[in-house]
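Chain and residue survey
Spelled out from the first residue to the last, the chains are:
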Amino acid sequence: FFIMIQMKKIIILFIAVFFNTCLSGQEIVKVRLSDGDNITGQLKLPANKAKIPLLVVFVHGTGPNTYLNKRKIGNVEFNYFDLFADEFNKRGIGFFTYNRRGVEIGDNPPYYDKIDSLKYSKYLPLTEAEDIEAIISQLKRDKRFINSKIALLGCSEGTIIASMVADRKVEKIDALLLFGYANDNLFDIIKWQYSGKASIINIRKYFDTNKDNIISKGEYESIDSIAVLGRTRVLRNASFESLDIVKDSILDFRDFASRTVPYFEYLLKKIDSDSDAWIWQNYFRVTSKWLKEHFQLEANKTRLLRIDIPVYIFQGTDDGNVPVEGVYDIQSKFEKANKTNLKCFIFEGHNHDLNYLDW
């Protein structure tokens with residue numbers, strides 16, 4: 001059943017199965033944060049607003065995000081969160097998203113965001129956890145949600161932040177739903193991303209017909225339409241010989257590591273020197289302070305073991321941002337600790353975002 005329907009709907013259906021279909025409405029909410037700053041959120045509710053048994057708060061992945069996350073890809077414009085909100089609301093569940101600190105909705109594609117650099121610089125992992133707590137505190141003061149359960153739906157970095165909020169217990173959380181799950185500390189994740197192993201994951205769906213994480217010359221030069229697509233669109237018609245840096249007649253992670261590991265080492269130097277402009281332009285729209293604070297955080301692989309509420313992880317085998325092995329690891333740790341509050345769903349051929357863009 002779970003494999004046959006769209007992956008995003010799986011997350012929603014799993015916690016929504018007992019609720020009736022309703023129509024949705026929306027409200028814009030101003031949230032006052034602990035330091036006096038304000039952010040804007042969007043609350044989408046089903047028709048029966050007097051009874052909301054469950055309220056889901058989305059916890060963003062890395063970078064500037066808004067409560068719409070409007071995007072443009074090619075000629076297609078869409079709001080990332082519309083699917084979540086519509087499907088939750090059909091089942092009587094409320095859904096809340098928010099503008100991250102210093103971020104407002106803008107007019108310019110592809111991200112449609114406006115960033116106040118000074119305010120955005122306060123976006124750090126601990127601050128983000130505190131901001132989520134402020135959101136929950138304000139929502140719980142609304143009489144409609146006094147008896148509502150709260151679930152955090154975390155994506156990517158949000159799987160770290162959501163787990164921090166649950167572990168801190170400043171606000172009561174009833175469940176965690178995590179996709180693009182980060183098991184390790186961010187330093188170790190970035191190191192893995194630039195180890196060459198992530199590169200193989202990102203291209204193996206085009207070439208690796210025998211699924212051994214090694215690409216032979218025959219697989220690479222196949223006339224199969226998928227292989228042709230990989231060569232032309234992803235690898236820009238690079239020859240097999242030009243990619244075979246190790247010169248062992250196969251392509252594996254070592255061939256890509258020769259290019260990516262030096263970049264990782266250079267990135268670390270830029271982080272150490274607080275080269276925020278370079279990081280913004282060449283790595284990601286974050287600050288060196290954000291990276292450094294993340295590097296000091298405890299990893300989910302130990303933090304989650306302290307959490308006793310239900311935890312659900314949804315992960316693709318082709319996630320090139322965080323390895324699926326992290327899910328196997330946390331499953332093993334829970335089993336050894338005789339903890340039964342973790343359930344994992346792993347989907348073959350699905351990426352970090354559970355193939356949302358294909359949908």
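Look up a bit, the structure's there.
Read on for an overview of the structure. The shown structure was predicted, so the numbers you read here are calculated from the model rather than taken from an experiment. (Residues numbered from 1 in each chain as written. Predicted model: local features only at pLDDT ≥ 70, side-chain atom pairs only at ≥ 80, totals over all residues. Heavy atoms only, no water.)

**So, unusual backbone geometry**
The following threshold applies: The helix and strand labels rest on DSSP assignments: H or I over at least four residues marks a helix, E over at least two residues marks a strand, and numbering proceeds from the N terminus. Throughout this description, buried means an accessible area under 20% of the type-specific maximum (1.4 Å probe, protein chains only), exposed means over 50%, and partly exposed covers the range between.
Cis geometry marks the peptide bond from P109 to P110, where omega comes out at 5°. Along the chain, the position of P110 falls in the loop between β7 (103–105) and β8 (113–115). Positive phi outside glycine occurs at N69, with the angle close to 45°. Mapped onto the elements of the fold, N69 is located in the loop between β3 (54–59) and β4 (70–73). Residue N69 is classed as buried on the basis of its relative accessible area, which comes to 6%.

**Description of the nonpolar core**
What counts here: Grouping buried Ala, Val, Leu, Ile, Met, Phe, Trp, Tyr and Cys residues that are joined through side-chain atoms within 4.5 Å yields what is termed a nonpolar core. Any two residues having at least one pair of non-hydrogen atoms within 4.5 Å are treated as being in contact.
Grouped together as the largest cluster of nonpolar side chains are 60 residues, with contacts concentrated most on L152 and L176. Setting aside anything within four residues of it in sequence, one finds L152 in contact with V57, V59, I132, I136, A162, V165, I173, A175, L176 and L177. Core analysis: the second largest hydrophobic core is formed by 23 residues, F88, A175, F314 and F345 among them.

**Quick notes on the environment of L68**
Its location among the elements puts L68 in the loop between β3 and β4. Separated by 23 residues in sequence, L68 and R91 have C-alpha atoms that sit 20 Å apart. If we skip the residues at most four places from it in the chain, L68 touches Q42, N79, Y80, F81 and I105.

**A look at helix α13 (residues 288–295)**
Stated precisely, the cut-off is as follows: Arc, as used here, means the arc of the directions from the helix axis to the C-beta atoms.
Restricting attention to buried positions, one finds in α13 the residues S288, W290, L291, H294 and F295. For α13, the buried positions fall inside an angular range of 160° around the axis, keeping them on one side. If you follow the buried residues of α13, they end up packed against α4 (125–140), α5 (157–168), α6 (186–193), α11 (253–272) and α12 (276–282).

**Section: the packing of helix α7 (residues 197–207) against α11**
Using the following cut-off: Geometry is summarised by axes, namely lines fitted to C-alpha atoms with helices restricted to the contacting stretch, and by angles between N-to-C directions that run from 0 to 180 degrees. An angle below 35 degrees is read as roughly parallel, one above 145 as roughly antiparallel, one from 65 to 115 as roughly perpendicular, and any other as oblique. For a crossing to be left-handed, the near helix must be turned anticlockwise from the far one by less than a right angle; the clockwise case is right-handed. Classification used: nonpolar for Ala, Val, Leu, Ile, Met, Phe, Trp, Tyr, Cys and Pro, charged for Asp, Glu, Lys and Arg, polar for all others including Gly.
Closest axis-to-axis distance for the α7/α11 pair is 8 Å, and the angle between their directions is 120°. Taken as axis vectors, α7 and α11 run oblique relative to one another. The handedness of the crossing between α7 and α11 is right-handed. In this structure, α7 uses K197, S199, I200 and I203 to contact α11, whose residues at the interface are F253, F256 and T260. Residues belonging to the contact of α7 with α11 are distributed by class as follows: four nonpolar, two polar and one charged.

**Some details on the packing of aromatic side chains**
Applied cut-off: Stacked, tilted and edge-to-face are the three classes applied to pairs of Phe, Tyr and Trp rings, where Trp contributes its six-membered ring and a pair requires centres within 6.5 Å; stacked means planes under 30 degrees apart, edge-to-face means over 60, and tilted covers the rest. Two conditions define a charge sitting above a ring: the NZ of Lys or the CZ of Arg must be within 6 Å of the ring centre, and it must be within 35 degrees of the ring normal.
What the rule picks out here adds up to 29 aromatic pairs. With a centroid separation of 5.3 Å and 45° between ring planes, the pair formed by Y120 and Y123 is classed as tilted. This pair shows no difference in class: Y120 is buried, exactly as Y123 is. Taking the centre distance of 6.0 Å and the plane angle of 55° together, the rings of Y220 and F240 count as tilted. Of this pair, Y220 sits in helix α8 (residues 217–220) while F240 sits in helix α10 (residues 240–243), and the two are 20 residues apart along the sequence. Each member of the pair, Y220 as well as F240, is classed as buried. If you follow K197 out to its NZ or CZ, it ends over the ring of F253, 5.4 Å from the centre. For the cation-ring pair, R285 lies above Y111, with the distance from its terminal atom to the ring centre recorded as 4.2 Å.

**Here we look at the pattern of salt bridges**
Filter applied, for reference: Take a side-chain nitrogen of Lys or Arg and a carboxyl oxygen of Asp or Glu: if they are within 4 Å of each other, that pair is a salt bridge.
A complete count under the given rule lists 25 salt bridges for this structure. The partner of E241 in a salt bridge is K217, and the shortest N-O contact between them spans 2.8 Å. Of this pair, E241 sits in helix α10 while K217 sits in helix α8, and the two are 24 residues apart along the sequence. Look at E241 and you get partly exposed, because its relative accessible area is 39%. For K217, a relative accessible area of 36% translates into the label partly exposed. One salt bridge in this structure joins R254 and D252, with 3.0 Å as the shortest N-O distance. Judged by relative accessible area, R254 falls into the partly exposed class, the value being 37%.

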